[in-house]
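What follows is the residue order along each chain.
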Amino acid sequence: MSEDKDNGMMLRCRCASCGIAEVDSIKMKNCAACYLVRYCSIECQRHHWSKHKRDCKKRVAELRDELLFRQPESTHLGDCPICMIPLSLDRSKSTIMSCCSKVICIGCTYANHKREVEMRLERVCPFCREPTPETLEQSDKLRMKRVEANDPFATSQEGEIQYKKGDYKKSFEYWTKAAELGDAEAHLGLAFLNFRRGIEKKERGKPVKAMCHMEEAAIGGFPEARHQLGYIEWEYGNTERAVKHWLIAAAQGHNNSTTSLREGFVKGAVEKDTFAAALRAHQVTVNATKSSQREIAEEECHRQRANKSYSGGIVW
């Protein structure tokens, strides 16, 4: 065992193509894709590519799957920046502030408004304390300021707005920029845009480009993107990969993924213990997004709906 390890270390210290050993005057460089072999020069790497190609691609796929199927620490939304409790995936339970592009939970928004009413204060953002915009035009101007400042969330928002208007060229530009800035939702937007524009390249029937964007979104913690990946894998007969995606998304609190797992359980693709564990993990995550303050705010929303004073969004 020790001898095999020593032999492996010796091979790692030699060029995979010409076999020359690493010395002070000769520095080896790893294959940038797989890190399995090393080369003394670009020429040696090019010469050895025909032999290394198969192993390299196999290792790259393994590394990609290790990253893809790793359970994210949180969803792409993260925590409310005020109460620091995880945000719910239900967007009706949070508010996006156009002034700072922060997503504030319903509980903190309600508490801030209640304080303003009781103390007769001017309405301001609960996070940055900037005055709340009174018109849609003012809100748009504030969001565009955030876009100009390279805010990934605001840029992704603008991409979604342009998409709904039917301006796919602008939506592509904004989503591409937001994706480069690290926004997970922008990657899913680009995936759907590829489908709509009919420019999707397929490999073995799979939408390669769209799946690449979905994978980036899933790695970034976006459970809806992971759920969509699971659906695609299921459709192409990759049951094990589909179930893995849904298990991770369910543990992030994604309701549709638990539904998919239930259907998989009925069809015999998901074991009973696995399904039960997924339901428990889902409930733990959902419970983590709850607080007494949020529950009070939700009750107030329901009361306003019952009184027909609720017109969409959070209105206190």
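S.K.: In this structure, what is going on with the pattern of salt bridges? I would like to understand it.
M.R.: Two side chains of opposite charge can pair, provided their charged atoms sit close to one another. One pass over the full model with this rule turns up 15 salt bridges. The shortest N-O distance in the salt bridge between Arg 59 and Glu 62 comes to 3.2 Å. Taken together, the residues Arg 59 and Glu 62, both in helix H2 (residues 42-68) and 3 residues apart, mark about one turn of the helix. Residue Glu 62 is classed as partly exposed on the basis of its relative accessible area, which comes to 34%. With a closest N to O distance of 3.0 Å, Asp 151 and Arg 146 form a salt bridge. Several salt bridges converge on common partners, so that one network encompasses Arg 59, Glu 62 and Glu 66.

S.K.: How do you make sense of unusual backbone geometry when you look at a structure like this?
M.R.: Most peptide bonds take the trans configuration, and most residues that are not glycine carry a negative phi. Positive phi, normally seen in glycine, also occurs at Tyr 35, with a value near 60°. In this structure, Tyr 35 sits in the loop between strand S1 (29-30) and strand S2 (38-39). The phi torsion at Asn 150 lies on the positive side, around 65°, for a residue other than glycine. Its place among the elements puts Asn 150 in the loop between helix H4 (136-148) and helix H5 (152-165).

S.K.: How should I be thinking about H2 in this particular structure?
M.R.: Because the α-helix completes a turn every 3.6 residues, residues three or four places apart line up on one side. The terminal C-alpha atoms of H2, which comprises 27 residues, lie only 30 Å apart, well short of the 39 Å expected from a rise of 1.5 Å per residue. Along its length, H2 reaches its greatest deviation from straightness, about 70°, at Ser 50. All buried positions along H2 are accounted for by Cys 44, His 48, His 52, Cys 56 and Leu 68. Elements in contact with the buried residues of H2: S2, helix H8 (208-219), helix H9 (223-235) and helix H10 (239-251).

S.K.: I keep staring at the side chain of Glu 185 and nothing clicks. Help me out?
M.R.: Looking at where Glu 185 falls in the secondary structure, it is placed in helix H7 (residues 184-197). By relative accessible area, Glu 185 is classed as buried at 18%. At 2.4 Å, the side chain of Glu 185 and the side chain of Arg 91 are in polar contact. Setting aside chain neighbours within four positions, we find Glu 185 in contact with His 76, Leu 77, Arg 91, Ser 156 and Phe 222.

S.K.: Would you mind showing me how to read the packing of aromatic side chains here?
M.R.: In this description, an aromatic ring pair is defined by two values, namely the gap between the centres and the angle between the planes. Under the defined criterion, the tally for this structure stands at 4 aromatic pairs. Ring geometry for Trp 234 versus Trp 246: centroids 5.5 Å apart, planes at 35°, classification tilted. Of the two residues, Trp 234 is situated in helix H9 and Trp 246 in helix H10; the sequence distance between them amounts to 12 residues. The class for Trp 246 is buried, based on a relative accessible area of 4%. Seen from their ring centres, Phe 265 and Phe 275 are 5.3 Å apart, and the 15° between their planes marks the pair as stacked. Here the residue Phe 265 occupies a position in helix H11 (residues 255-266), and Phe 275 occupies one in helix H12 (residues 272-288), the gap between them amounting to 10 residues. Residue Phe 275 is classed as buried on the basis of its relative accessible area of 9%. Aromatic ring contacts, followed pair by pair, group Tyr 163, Tyr 168 and Trp 175 into a single cluster.

S.K.: Looking at this structure, I do not really get the environment of Ser 171. What am I missing?
M.R.: Structurally, Ser 171 is set in helix H6 (residues 168-180). Taking relative accessible area as the criterion, Ser 171 reaches 0% and is therefore assigned buried. Apart from the residues lying within four places of it in its own chain, the contact partners of Ser 171 are Gly 159, Gln 162, Tyr 163 and Leu 193.

S.K.: Teacher, can you tell me more about the confidence of the model for the chain here?
M.R.: Interpretation of the predicted coordinates at a detailed level should be avoided for regions scoring low in pLDDT. Overall, the predicted model of the chain reaches an average pLDDT of 89, with 90% of residues at or above 70. Confidence over residues 1-10 falls short of pLDDT 50; this stretch has 0 contacts with residues more than four positions distant or in other chains. The low-confidence segment residues 309-316, where pLDDT is below 50, has 19 contacts with residues more than four positions distant or belonging to other chains.

S.K.: Looking at this structure, how should I read helix H3 (residues 106-118)?
M.R.: Look at H3: 18 Å from first C-alpha to last across 13 residues, which is about the 18 Å you get at 1.5 Å a residue. Residues of H3 that are buried: Ile 106, Gly 107, Cys 108, Thr 109, Tyr 110, Asn 112, His 113 and Glu 116. Looking one or two residues past H3, Arg 120 carries a phi angle of roughly 55°, positive in sign.

S.K.: Just to check I follow, could you spell out the environment of Gly 230 for this structure?
M.R.: Within the element layout of this structure, Gly 230 appears in helix H9. For the pair formed by Gly 230 and Val 243, sequence separation is 13 residues and the distance between their alpha carbons is 6.7 Å. Beyond its immediate chain neighbours, meaning those up to four positions away, Gly 230 contacts Ala 242, His 245 and Trp 246.

S.K.: Even after reading the chapter, I still don't get the packing of H10 against H12, so can you show me in this structure?
M.R.: Angle between the axes and distance between the axes: these two values describe a pair of packed helices. Interhelical geometry of H10 versus H12 gives an angle of 30° and a closest axis separation of 7 Å. As the angle between them shows, H10 and H12 are arranged roughly parallel. The residues of H12 that touch H10, namely those facing Leu 247, Ala 250 and Ala 251, are Thr 274, Ala 278, Ala 281, His 282 and Thr 285. Residue classes in the contact of H10 with H12 are distributed as 5 nonpolar, 3 polar and no charged.

Conventions used here
Residues numbered from 1 in each chain as written. Predicted model: local features only at pLDDT ≥ 70, side-chain atom pairs only at ≥ 80, totals over all residues. Heavy atoms only, no water. Salt bridge = Lys/Arg side-chain N within 4 Å of Asp/Glu carboxyl O. Helix = DSSP H or I, 4+ residues; strand = E, 2+ residues; numbered from the N terminus. Buried < 20%, exposed > 50% of the residue type's maximum accessible area, 1.4 Å probe, protein only. Expected span 1.5 Å × (residues − 1). Bend = angle between axes of the 7 residues up to and from the residue. Contact = heavy atoms within 4.5 Å. Polar contact = N/O pair within 3.5 Å; in protein donor to acceptor, adjacent residues only side chain to side chain. Phe/Tyr/Trp six-rings, centres within 6.5 Å; stacked < 30°, edge-to-face > 60°. pLDDT = per-residue confidence, 0-100. Axes fitted to C-alpha atoms, helices over the stretch in contact; angles between N-to-C directions. Parallel < 35°, antiparallel > 145°, perpendicular 65-115°, else oblique. Nonpolar A, V, L, I, M, F, W, Y, C, P; charged D, E, K, R; others polar.

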